[in-house]
Amino acid sequence: METLSSIDELSFPVALRQEVIADLTSDHALLEATRTGDEDAFAELVSRYRNQITSYIYRMTNDYDGAVDLAQETFVRLYRAVDRYQSTYAFSTYIYRIATNLAISELRKRKRRRLVSLTGFFQSHDGSENCELDPIDDRPLQDIELVATERRIAVQRAISTLPEKYKAPLILRDVEGRSYEEIARILQTSEGTVKSRISRARDFLREKMRAYL
Amino acid sequence: MKVFNCKTVCREIEEADRGQLLSTSVTEHLAGCPKCQTFHDERIKLRQLVASLETVAAPPDFDFRVRSQLANEKAGAHAGFFFSNFSFGVPSIALATLVLMIGGVFALRAWNAPTSGPTALQTETRDVNPPNIVKTEQSPLAGKSELTKSELPLPDNKNPATATRDEGSETLRPVKRVAKRSSLNNTFAAVRSSKRVTTKEFSSTPAPVVKQEEAVASLESPIFLIEASSQPLRLSLDYSGGVSRTISVPALSFGSEKVLTGDGLSLVRNSPKGAW
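Residues numbered from 1 in each chain as written. Chains lettered and ligands numbered in written order. Predicted model: local features only at pLDDT ≥ 70, side-chain atom pairs only at ≥ 80, totals over all residues.

Visitor: An account of the overall build of chain B is needed here, citing residue identities and associated values.
Guide: What chain B contains, in helices and strands, is 9 helices and 4 strands. Counting helices and strands in the order they occur from the N terminus, chain B gives α-α-α-α-α-α-α-α-α-β-β-β-β. Across the 276 residues that make up chain B, the buried fraction comes to 10%. Within chain B, contacts between residues separated by at least 24 positions form 52% of all contacts whose residues are at least 6 apart in sequence. (Helix = DSSP H or I, 4+ residues; strand = E, 2+ residues; numbered from the N terminus. Buried ≥ 20, exposed ≤ 12 C-beta atoms within 10 Å, placed from the backbone. Contact = placed C-beta atoms within 7 Å.)

See below:
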């Protein structure tokens, strides 16, 4: 019997062929391949989600290096638990849940340690380090890009000051653009709770960002 | 008919997706309600601000780092091959500690209570019961006594173990000795029945006196029977002319005492620990 070199040789209808291709490259298919020991499939998953997960954890922790470490840990845990994964929900829900748990654990550790950066007192206001939310600078700005950058930094700082339970749903909803249903699955809570927490988070944020509104 | 109040409108604004158009009724309400219009504008601006946060890119060597971390974990798992199949969490450690504690308690109790074990009970039942004691002690001795009595040319055919010079006290002597033995065994039982190991001094207890000058003199071998007791052996030697010497040998026990029987066999009995 002649072996097939590509999926085009299967002589499926076009729609069905596209569906098969999509299925072969879906997250679930990649995860199944990872389960059988396919390292390349896992590498594909990593390349698909590395930026999203790193960005999400960075928004949660406001610490880039820590976010990268936690994102790595997320993928390592995913690899370890690949046999236990159940494809009931979307893969993104699963990986975001791992990332959320890691980020929340890290935030709680920091709260217990109450780390205070000695260099923070001497940091310039370029936003490279955590510091208190500053009021808006009323001086006229020269560059639009600079304004946008400063605004983003202010938003990031405001988000980082949010209580832990409001932070994750707000980021998932307003930064990541996830649906309420998916956020509820990621956070393992009800949709009503998610909506309530997002509303409260926006109220907090509005108070902190009043100068920008 | 659905009534659109401010609360309902605010909820719809709040829950709307990014870029989603609001319903006609909400739009109409916003046109006539400045409070809701302000809320709407603030929320839109706020969401735009938050959404303006760009996606942060992972470092270029992210994949390499993940792979190396996984490789390190695999290497570590191979290094500790025995424990690689176990996941040591807090519950498993707590369970192991509990098992160790329970085992330690049992071991400690077994160590501290040697007299409460089945061996001690067996010894106690053998020793405490006076009829059994008399039987077990008398039966070999009695046999030997009979044998000795038949072999030895004793003028009065007395039992060497129980013989005395006084004829009148011959019938009373065994009863008295049995009473003495039972009281001694009761003391043993009292000592053994207590949980703690105790030591009792028996040197003050009077031992039965065995006077066997005639029997000893007639024996071919200088072996004669004594009671296997915990009491000291007192040997009185009467020389001619009214001179006598008494040799007292204290009772010694190293955990067991040997009772010689007439047939050459020996019966080893365990005595209670610490009592002699």
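Visitor: I'd love a proper account of the overall build of chain A, names of residues and values included.
Guide: Check the secondary structure of chain A and you find 9 helices and 0 strands. Counted from the first residue to the last, chain A has its helices and strands arranged as α-α-α-α-α-α-α-α-α. Relative to its 213 residues, chain A shows a buried fraction of 29%. In chain A, the share of contacts with a sequence separation of at least 24, taken over all contacts with a separation of at least 6, comes to 57%.

Visitor: Residues and numbers for helix α2 (residues 27–35) of chain A, please.
Guide: All names here are of chain A. Three or more residues of α2 are buried, namely L30, L31 and T34. End-on view of α2: buried residues confined to an arc of 100°, all on one side of the axis. Summarising the contacts, the buried residues of α2 are in contact with α3 (39–61) and α5 (91–113). G37 occupies a position one or two residues after α2 and carries a positive phi of about 100°. (Arc of directions from axis to C-beta.)

Visitor: Residues and numbers for the environment of T27 of chain B, please.
Guide: Relative to the assigned elements, T27 of chain B resides in helix α2 (residues 24–32). For T27 of chain B, a count of 12 C-beta atoms within 10 Å corresponds to the exposed category.

Visitor: Which residues make up the interface of chain A and chain B, and what are the values?
Guide: Counting from both sides, the interface comprises 32 residues of chain A and, opposite them, 25 residues of chain B. A per-element tally of the side of chain A that touches chain B places α3 of chain A first, with 10 residues. Taken together, the residues that form the side of chain A that touches chain B break down as 15 nonpolar, 9 polar and 8 charged. (Nonpolar A, V, L, I, M, F, W, Y, C, P; charged D, E, K, R; others polar.)

Visitor: Mind laying out the packing of helix α7 (residues 164–175) of chain A against helix α8 (residues 180–187) of chain A, listing which residues take part and the relevant values?
Guide: Residue and element names in this part refer to chain A. Closest axis-to-axis distance for the α7/α8 pair is 10 Å, and the angle between their directions is 145°. Note that α7 runs across α8; the crossing there is right-handed. Contacts between α7 and α8 involve A168, P169, L172 and R173 from the former and I183, I186 and L187 from the latter. (Axes fitted to C-alpha atoms, helices over the stretch in contact; angles between N-to-C directions. Left-handed = near helix turned anticlockwise from the far one by under 90°.)

Visitor: Give me the nonpolar core: which residues, what numbers.
Guide: Ranked by internal contacts, the top residues of the largest apolar core, which has 48 residues, are I57, A71, A99 and I171 of chain A. Looking at which element gives the most residues to this core, the answer is α3 of chain A, with 9 residues. Two domains each provide a minimum of three residues to this core, namely domain 1 (10–116) and domain 2 (126–213) of chain A. Discounting residues that sit within four places of it in the chain, A71 of chain A has contacts with R50, I53, T54 and I57 of chain A together with A58 of chain B. (Core = buried A, V, L, I, M, F, W, Y, C linked by C-beta atoms within 7 Å. Domains from an automatic or database assignment.)

Visitor: How would you explain the pairing of strand β2 (residues 244–249) of chain B if you had to name every residue and give the values?
Guide: Residue and element names in this part refer to chain B. Where burial is concerned, little of β2 is hidden: 0 out of the 6 residues are buried. As judged from the 6 bridges shared by strand β1 (residues 233–238) and β2, these two strands associate in the antiparallel manner. Within β2, the position partnered with S236 by the bridge is T246. (Pairing = 2+ DSSP bridges.)

Visitor: Can you explain the confidence of the model for chain A? Please cite residues and give values.
Guide: Any segment with low pLDDT has predicted coordinates that should not be analysed in fine detail. Residues and elements named next belong to chain A. Within chain A, residue pLDDT values average 79, and 75% of them lie at 70 or more. The model gives residues 1–13 a pLDDT under 50, and that stretch makes 8 contacts with residues more than four places away or in other chains. A low-confidence stretch, residues 119–129 stays under pLDDT 50, and its non-local contacts, those more than four residues away or across chains, total 9 contacts. (pLDDT = per-residue confidence, 0-100.)

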